[in-house]
Structure formats: C-alpha cells, structure tokens
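Residues per chain, in single letters:
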Amino acid sequence: MSSMSSVAGLSKYIKTLPITRRSIIAICILSFLTGVVHYFINPQDSLTYNPIIEGLCSFMVLGVSSILSGSLNQYGVKVLHGINLKIKHSMFLSLLSMFLISLILIGGAILARISHEYLFVNSLLFACVVIYGINTLVLWSTTQIGFSKSAIIGLIQPIFVLTMLVLMLFLWSDPSVFSTPIIINVIIKTVIACLIFILAIYAFISIAASPLKKNLGIGMLDLLSLFIMHMNEGSNLLESTFENMGESIDTVVTFICFKGANGIKSLFISPSVHPGPLGNIGGSNMPTILANKFDYFTMVAHGPSTHDFNPISVSEIDKIEDAVKNGLSEIEFSKKASKFKRYSMNAANIGVQFFNKGMVILSTFAPNGSDDIEFGVGLTMMTQSISKCGVKDSVIVDCHNSFTPESGEVLPGNPEVFDLIDVIDKIESENEEFDSIKVGCCHDVMETLDKHEGIGESGIKVMIIEVSGQRTAYVLFDSNNMEIGFRQEIMDATKDLDIDEIEVMTTDTHSVNTLSRGYNPVGIEKRPEIIEYIIKCIKIAIDDLEDVEVGTGTKKIKNLNTFGPKNSTELISTISSIVAVSKIIAPVLLITALIIVFIWIFYGNLQIIG
C-alpha cells in the first residue's frame, strides 16, 4: 500500500462523538454498575455490604467526579484559549476515562478474590495514573494549550475521583485509616507514578513529532489540532500551517466554450490543479468554487495533476478564474465540431472530440483501477496531441472513474504513460468530418445524496453534445473517483436512452474525504438512485439542445501557491513513517511505563491502606 493510502486510512479513526446528554447518562449507568459488579466479585472489599448502596457509592466516586471533571476540563481549556474541546468532547473524554477506571477496578477485584488481598485502593490509584496520562495526552495533542497546562488540567478527574473516595471512606470506615503516614505514602506513590507515566508520554510525542518539525518545520500537534478543528468546525486555520511549506508553481488551464443565441451557454474547464487535500481546506472544493464564479453552466473536470498541485488556500482559486476569464476574451468561435470517437491501447482508453481549432481527450484506465495522472504526463499528452492532430488547444481530462485502494498515480516511467502516448498516436485526425454542433445542459445537486454517498456540493452535471446526428453525454459527478465497475454499470443502464456515446467523469473533489472510510468514491452506496439521477439529467439535457458555436483555449496560471512537488511527497511520506514508527515506539514506551507504575504502586516499599 502507498504512503497516501496509509495516511488516508487514518481517517477510519474519525468518529462522530455522542451528544453531551448521552455521555452523562452513560457515565451514571456505568459508574453504578461498576459498584454492583465489584460487590458481587469481591464483597469483602465493599464498604456497605449492600450491592445497591455499593453502586450508589461507586456513582458518587466515579460518576459525579467524571461529570464534574467533564465540565471543568472544557472550562479550563476555554479559559486558556485552547481549541476543539467542546462540552460534548470533554464529557466523552471523561466517560472514556471512567470506563478505563471501571475496567481496572473490576480487574483488581478479580485478582483480589483470587489472591485474598486488599487491592481496591491500589487498583484505583493505578487507574487514576492511567487516566491522568490519557487526559494529558489528549488535551496536549488537540487543544494547543501546551504540555504543562495540559498536565495540570489532566489532574482534575483523578483528583476528583480520589477526593470522593476519601469522602466515602470517611463516611463508611474507621477514621484511623486517615493517619498522616498513610496519607503521605499514598501521595508519594501517586506523584511518582504520575511522573513516570507522563514522562513516557512526553518522550513518545517528542520522538514522533521530530521528523515533521525537522523536515518541514511543522509542529505535529499543531497539524493534528488544527485538522481536528477543521473536522469539527470547518475552520480553515490549517491553511496557515500549509502556507509555511508552500511552493509557487506555474501550470495551465484548458477550456472549451459553447456560445448560443443568448451568449455563453456552457463552459467546460480542465485545470491542471488538484482539488485537495481534504474537506474545505485549500483547493479541496475547487470544482464547485470555480464553477460558481461563472454566471453560466460550468463543468470543472479533473485535469492532470496530483496532490503536489494542491492549492494551499481557497484564495488561490481566484488565479484560475482570472486565467480562464482572460482566455475567454481571446477565443475564436465557429460552428465546427467532429463526432466523438474512442481509441484504446492496452490499459489506456481515450475518447476524442474536435471542436473548432481544439480537441478534448477524455482519458480513463477503466475497467482497471487508476488514480491521478501527474502533470508532466498530462503535459506530454497535450503537446503530443497538438503536434499529432495539428490543433491549437488540447483539453486533457483525467476522467478519474475507476477506483481501487491499490490504485497508484500515473507517474513518469509507469507503463501506463507509454500506453497513453501510443493511444494518442492512433488518433485519425485527418479523417475527421466537421459539422455544426448542438449542446444541451442539466445540473442537479442531488438533494437526496451527500458526501456519505460520495457526492459533493455540485452533485451531477450533464452536457449533451450533438454533431452530425451523434449525441454524446458528458456526465460529471462532483466526487472523488468512482468505485470500480460502476462506470460500466452506468453505461449499460443508459443504452436505451436517445444518446450514442457516454463518458462518466468525476471532479476529484476532496470535500467528500472527511469520512471514516478514508477514500470515498461514488458508487459504494445507492447505485440505483444515482443512476436515476443520471437518466433524468440526460433527458433534460436532450430537451435543452440548441445550436451553438464553439471555441477552445489554453492559459498559463502563474505563481499558484501549492504544496509543491517536494513538500507534498515529503508531508505524506513523513506522516506515513510517523504512523509506522509510532506503532512500534508507542507500545514499547507506554507499556514499559505502565509496568513500572504497576510494580511501583502494587509492590513498592511504601505501605498504603490495606
């Protein structure tokens, strides 16, 4: 699996947390059941010798403490101007921490029953040390308040739990257990255990974060916290981090313009700019943002580009708009166009149509899986087709319509590159017959579908092009690739419509890439419903057919601030390596620390209660 696949796979950990009320209810129920279960496992350790009262005591020690700490953690982070920790997040963290306490207490009760020793207090101390480390780690890595402040706020829940325990012991036990030596011993054991565990966490984060800081000057925790903020609130503050590693490039945008009796009827754009990295960051929603900058029907297809060409901010899309609008003022229009023809060579398949002095090449590797075509490869296709066919402009489109998780980018040196070069050589431009052209359009936002089905903000756009009696449907989904095999299913489902050819494309929008399954191609779910939308839009577009003139254009986009060829690869590979190394370092450091803490608390020389 590629580094990009490994990083995309991390999104499976993105989950929607329950609302605050549900977390509080879960805390109440779990804390009560913990006391009841503990009583039946080891009744000798109980304070009250009644399972119901024992459950209520457990609710006071664990439940009330966790609810209070959930509120105070959120308030403390807010006072310290931290980010991301809403009340539902804080309460869920308290619930998770309390769940770990419950597991450890029940495990301790089982051991105590077997060994006939009193382990309750030691078990609770060990549990408090564990949740202290977890709370500190979560707060430090997500809220941007720093290590020391996170370590302080992380103490709130353990202190509340231990305080409530002391209160329960005071009410139900012999006051002699609160002698000064015992209290001092407990404090010393707890403090040393917390220091051991927290230092292990600090060492782990320092080791894991160093490659990203050294290679790209980016703080790993800053990147993580701003990413979470984007997922929670749609914030674009993450763009400011990417600006520090951005690289200015020059690229191109190609387009086809269709002009009817009332002005421009349709615009088909293929920018060699990648709509990433994800969500609404950078150019992720570029196909919709760019299309909305024009007052007429506009399709923004996926031009040859990879994540190297991700714009670092939304404002960079304005440069693409300016290039297209400048190019539109220079277009020469005519009524000449050719029929749509297909050519194949090994894995490469292209659909070709000529418009006036230009041409479009719709490239796909379906039915085989594929990912982005690199800009250099696309530029080669462009210059080769211009030379071979004697045209002024060549609009190269990566249809991006056949996805598998193992799909790799089409890079220089790959066998697919030579297939593309060879298939372009097969184009028979000299035999093309030109005729007048009609165009019809339809746009549907697909209201019943959303990014959970792989559908972005723009839904589906269909353009029917009729030349010499041949009707070709250009179908564009605002999606990031298409589940393998779905393209053919669509083609089969539209055979009975009044069209002769169809090609299905996706914009490669990364605004849909914020779900737990990582990659999110269209066609995983609700295929019949999606096909119904296609059929409806094709019929509407046919009814919309009218005579048009057509012209093509190519413009350079200068000084576009992107991730850059080196930085994009560096970022992905660095994150991938951090993940790989962390899978080894984290268990070694943290488990070792936990073992030391366990031995210290349960078998240390200091004598505590029991």
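In what follows, the structure referred to is the one given above.
What comes next concerns the included structure.

Rules used throughout
Here, residues in each chain are numbered from 1, in the same order as that chain's written sequence. Given that this is a predicted model, residues contribute local features only at a pLDDT of at least 70 and side-chain atom pairs are listed and counted only at 80 or more, while totals for whole chains, interfaces and linings are drawn from all residues. For side-chain calculations, the full set of non-hydrogen atoms in the structure is used, while hydrogens and water are omitted. Within this document, salt bridges are pairs made up of a side-chain nitrogen of Lys or Arg and a carboxyl oxygen of Asp or Glu, the two lying within 4 Å of each other. Each helix is a run of H or I in the DSSP string that is no shorter than four residues. Each strand is a run of E no shorter than two, and both are numbered from the N terminus. Note on classification: 1.4 Å probe, protein chains only; a residue is buried when its accessible area is under 20% of the maximum for its type, exposed when over 50%, partly exposed between these limits. The term polar contact refers here to a pair of N or O atoms within 3.5 Å; inside protein, the definition further demands a hydrogen-donor-capable atom paired with an acceptor-capable atom, and it admits residues adjacent in sequence only when both atoms are side-chain atoms. Residue contacts follow a heavy-atom distance rule, with two residues in contact if any of their heavy atoms lie within 4.5 Å. Paired strands are those between which DSSP finds at least two bridges. In this analysis an axis means a line fitted to C-alpha atoms, helices contributing only their contacting stretch, and an angle means the value between N-to-C directions, from 0 to 180 degrees. We define the nonpolar core as a collection of buried residues of types Ala, Val, Leu, Ile, Met, Phe, Trp, Tyr and Cys that are connected through side-chain atoms lying within 4.5 Å of one another. Each crossing gets its handedness from the near helix: less than a right angle anticlockwise from the far helix is left-handed, clockwise is right-handed. The classification used treats Ala, Val, Leu, Ile, Met, Phe, Trp, Tyr, Cys and Pro as nonpolar, Asp, Glu, Lys and Arg as charged, and all other residues, Gly among them, as polar. What makes a patch is a set of residues exposed beyond 30% relative accessible area and free of salt bridges, joined within 9 Å when like-charged and within 5 Å when nonpolar (Val, Leu, Ile, Met, Phe, Trp, Tyr). For the area figures, the Shrake-Rupley method with a 1.4 Å probe applies, and any residue is considered shielded solely by the protein chains shown. In this scheme Phe, Tyr and Trp rings, the latter by its six-membered ring, pair at centre separations within 6.5 Å, and the angle between planes marks the pair as stacked below 30 degrees, edge-to-face above 60, and tilted otherwise. Each ring is checked for a lysine NZ or an arginine CZ that lies within 6 Å of its centre and within 35 degrees of its normal; such an atom marks a charge sitting over the ring. Expected helix span is taken as 1.5 Å per residue step, with the number of steps being one fewer than the number of residues.

## Describing the pattern of salt bridges
Scanning the entire structure with this criterion turns up 19 salt bridges. A salt bridge links Glu501 to Arg342; the shortest N-O distance between them is 3.0 Å. With Glu501 in strand S11 (residues 501–506) and Arg342 in strand S4 (residues 341–345), this residue pair connects regions lying 159 residues apart in the sequence. Here Lys526 and Glu453 are joined by a salt bridge, their closest N and O atoms 3.7 Å apart.

## Focus on the side chain of His302
As for its position among the elements, His302 is in the loop between strand S3 (297–300) and helix H12 (317–328). Overall, His302 belongs to the buried group, its relative accessible area being 1%. One polar contact links His302 to Asp508, side chain to side chain, over a distance of 3.4 Å. Ignoring anything within four residues of it in the chain, the contact list for His302 reads Ser270, His274, Pro275, Asp372, Val397, Asp398, His400, Thr506, Thr507 and Asp508.

## Overview of unusual backbone geometry
Of all residues except glycine, most have a negative phi; of all peptide bonds, most are trans. Cis geometry is adopted by the peptide bond preceding Pro277, which originates at Gly276 and carries an omega value of 15°. If you trace the backbone, Pro277 turns up in the loop between strand S2 (263–271) and helix H11 (286–291). Pro367 follows Ala366 through a cis peptide bond whose omega is 10°. Its place among the elements puts Pro367 in the loop between strand S6 (358–364) and helix H13 (375–389).

## Topic: the sheet that holds S6
Pairing between sheet strands relies on hydrogen bonds along the backbone, with the strands arranged either parallel or antiparallel. Taking strand neighbours across the sheet as the criterion, the four strands line up as S4-S5-S6-S7 in an open arrangement whose pairing is mixed. Each having just a single partner strand, S4 and strand S7 (393–398) make up the two edges of the open sheet. Averaged over all pairs of adjacent strands, the angle between strand axes in this sheet comes to 25°, irrespective of strand direction. Alignment of S6 against S7, held across six bridges, turns out to be parallel. Pairing of Met359 across the sheet is with Ser394, part of S7. H13 contacts strand S5 (348–355), S6 and S7 of the sheet and is inclined by roughly 140° relative to S7.

## Regarding the nonpolar core
Ranked by internal contacts, the top residues of the largest apolar core, which has 45 residues, are Ile269 and Ile427. Excluding residues within four positions of it along the chain, Ile269 makes contact with Val253, Thr254, Phe255, Leu290, Phe294, Thr298, Met299, Val300, Ala301 and Val324. The next biggest cluster of nonpolar side chains, apart from the first, holds 40 residues, and it includes Cys57, Val61, Ile104 and Met168.

## Observations concerning the packing of helix H3 (residues 51–79) against helix H4 (residues 87–115)
Pairs of packed helices are described in terms of their axes, by the angle between the two and the distance that separates them. For the pair H3 and H4, interaxial distance at closest approach is 8 Å and the crossing angle is 145°. You can see that H3 and H4 cross each other, and the crossing is right-handed. Of H4, the residues touching H3 (which contributes Leu62, Gly63, Ser66, Ile67, Ser69, Gly70, Ser71, Asn73 and Gln74) are Ile87, Ser90, Met91, Ser94, Met98, Ile101, Ser102 and Leu105. The residue makeup of the contact of H3 with H4, split by class, is seven nonpolar, ten polar and no charged.

## Thoughts on the side chain of Thr494
One can find Thr494 in the loop between helix H15 (486–493) and S11. Polar side-chain contacts of Thr494 include one of 3.0 Å to the backbone oxygen of Ile490. Contacts of Thr494, omitting those with residues within four sequence positions, involve Ile499, Ile502, Ile534, Ile535 and Ile538.

## Some details on the sheet that holds strand S12 (residues 546–562)
The eight strands lie next to each other as S3-S2-S1-S12-S8-S9-S10-S11, forming an open sheet whose pairing is mixed. Each having just a single partner strand, S3 and S11 make up the two edges of the open sheet. Pairwise comparison of adjacent strand axes, ignoring direction, gives a mean angle of 20° for this sheet. Both strand S1 (residues 247–260) and S2 contribute to a ladder of eight bridges, which runs antiparallel. Bridging across to S2, Cys257 finds its partner in Leu267. This element, H12, spans S1, S2 and S12 of the sheet and lies at about 140° to S12.

## Digging into a nonpolar patch on the surface
A surface patch of nonpolar side chains, amounting to about 440 Å² of accessible area, comprises Ile183, Ile187, Val191, Leu195 and Leu199. On the secondary structure map, Val191 appears in helix H8 (residues 180–216). Residue classification places Val191 among the partly exposed positions, given a relative accessible area of 42%.

## Focus on the packing of aromatic side chains
By the definition in use, this model includes 14 aromatic pairs. Relative to Phe40, the ring of Tyr39 lies with its centre 5.4 Å away and its plane at 80°, an arrangement referred to as edge-to-face. A residue is classified by how much of its surface remains accessible, and Tyr39, at 15% relative accessible area, is buried. Classification of Phe40 by relative accessible area gives exposed; the value is 57%. For the ring pair Phe126 and Phe602, a centre distance of 6.3 Å and an interplane angle of 65° mean the geometry is edge-to-face. One end of the pair, Phe126, is in helix H5 (residues 120–142); the other, Phe602, is in helix H17 (residues 565–603), and 476 residues separate them in sequence. Under the relative-accessibility criterion, Phe126 is labelled buried at 11%. Its relative accessible area of 17% is what places Phe602 among the buried residues. Ring-pair connections join several aromatic residues into one group, and the members of that group are Phe126, Phe598, Phe602 and Tyr603. Looking at Lys259, its charged tip hangs above the ring of Phe333, at a distance of 4.3 Å from the centre.

## Topic: the environment of Ile25
Tracing the chain through its elements places Ile25 in helix H2 (residues 20–41). For Ile25, a relative accessible area of 42% gives the class partly exposed. Sequence separation between Ile25 and Leu171 is 146 residues, and the spatial gap between their C-alpha atoms is 26 Å.

## Focus: H4
The end-to-end C-alpha separation of H4 is 41 Å, in line with the 42 Å expected for 29 residues at 1.5 Å each. Of the residues one or two after H4, His116 is the one with positive phi, at around 60°.

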